[in-house]
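Coordinate inspection notes
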Amino acid sequence: AQSVTQLDSHVSVSEGTPVLLRCNYSSSYSPSLFWYVQHPNKGLQLLLKYTSAATLVKGINGFEAEFKKSETSFHLTKPSAHMSDAAEYFCVVSNTGTASKLTFGTGTRLQVTL
Amino acid sequence: GAGVSQSPRYKVAKRGQDVALRCDPISGHVSLFWYQQALGQGPEFLTYFQNEAQLDKSGLPSDRFFAERPEGSVSTLKIQRTQQEDSAVYLCASSATPETGRETQYFGPGTRLLVL
C-alpha cells in the first residue's frame, strides 16, 4: 500500500519570500515521487519527479524537492515566490513496477500576496 | 503539439441519467488513465489502459462505471444511472510508454460533472 500526507492544506507567503510545501509518503516498495501543480481551470502539470536517481530534484519554474528516505519526506521548495505560483499543489507517490498507479495527496493551496 | 483533450468540459445530469465522457490522449501515447477528483480532494485513480487493453479497473467505484478504449486511442468513461455522489471532476491522463510508475502523465483539463 502507498499513501501521501500533505501536512498543510493552505500556505500563504509574500511575493519574493521562500516557499515550503511539505509532503510525507508511505510506500512498501521503492517509490517514485512527483509534484504536480493545478492552476484554476487548467490541467495538472508536472513540476518535478524523483525516480531513484539524484535525491535533490530540480523542476520547472525554479522549484526543487529533496527525497529523504530516513524521514520519508519529499518537501517542495522555491527560493522566491512569484504571484504566478499561486495554485494547488499535489504530492504524488507511485510504486515502481508494472501497472503502478499514482496516489495523490489532498493538495496544498499556495497563496502569494504582495 | 496538442495535449490531452476532454469533452464535454461541463456536464449537468439528472439523477438516473447515463453520461459519457470522452478523452483524446496525446497522439501515440500508449497508456491512458482516468481519475475522479471530488471537490477539495486530490484525484483518485479509476482505471488504466495500455493500448486497448484495460489492465487495471480496481478504482472504479461501482459497476455503474464503465470505460473503454476500443482502438487504443480515444477513450470513453460511461456512468450509468448517475447518482449525486458521482458529482466530481473526471480527469484523463496519458503517458508515452507502458506504465512502470516512473512515467510522466499528461493531464487533460477535466470534465466537471454535476448530478442533480
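These remarks concern the structure in this document.

Definitions and cut-offs
- Residues numbered from 1 in each chain as written.
- Chains lettered and ligands numbered in written order.
- Predicted model: local features only at pLDDT ≥ 70, side-chain atom pairs only at ≥ 80, totals over all residues.
- Heavy atoms only, no water.
- Disulfide = S-S within 2.5 Å.
- Helix = DSSP H or I, 4+ residues; strand = E, 2+ residues; numbered from the N terminus.
- Buried < 20%, exposed > 50% of the residue type's maximum accessible area, 1.4 Å probe, protein only.
- Contact = heavy atoms within 4.5 Å.
- Buried area = accessible area lost by both parts, 1.4 Å probe.
- Salt bridge = Lys/Arg side-chain N within 4 Å of Asp/Glu carboxyl O.
- Core = buried A, V, L, I, M, F, W, Y, C linked by side-chain atoms within 4.5 Å.

Comments concerning the state of the cysteines
- A full pass over the atoms with the stated rule returns 2 disulfides over all chains.
- A sulfur-sulfur separation of 2.0 Å characterises the disulfide bridge that pairs C23 of chain A with C91 of chain A. Taking the sign of the S-S torsion, about -65 degrees here, the bridge from C23 of chain A to C91 of chain A comes out left-handed. In this pair, C23 of chain A is assigned in strand β4 (residues 23–27) and C91 of chain A in strand β10 (residues 87–95), connecting sequence segments 68 residues apart.
- Look at C23 of chain A and you get buried, because its relative accessible area is 0%.
- Here C91 of chain A falls in the buried class, since its relative accessible area comes to 0%.
- Note on cysteine connectivity: C23 of chain B is disulfide-linked to C92 of chain B, with sulfurs 1.8 Å apart. Its torsion about the S-S bond being -65 degrees, the disulfide of C23 of chain B and C92 of chain B is classed as left-handed. Placement of C23 of chain B in strand β3 (residues 19–24) and of C92 of chain B in strand β9 (residues 88–95) is noted, with a sequence separation of 69 residues between them.
- Taking the relative accessible area as the measure of exposure, C23 of chain B reaches 0% and is therefore buried.

Description of the interface of chain A and chain B
- Each side of the interface is counted separately: chain A has 24 residues, and chain B has 23 residues.
- Where chain A abuts chain B, roughly 1800 Å² becomes buried across the two surfaces, and 50% of that area is made up of carbon and sulfur atoms.
- Broken down residue by residue, the surface that chain A buries against chain B is led by L44, K101 and L102 of chain A, which jointly contribute 25%.
- Connecting chain A to chain B are 1 salt bridge.

Side note on the nonpolar core
- Grouped together as the largest cluster of nonpolar side chains are 26 residues, with contacts concentrated most on W35, L48, L76 and Y89 of chain A.
- Apart from the residues lying within four places of it in its own chain, the contact partners of L48 of chain A are L33, F34, W35, V57, K58, G59, F63, E64, A65, F74 and L76 of chain A.

Read these as spatial facts, not as claims about activity.
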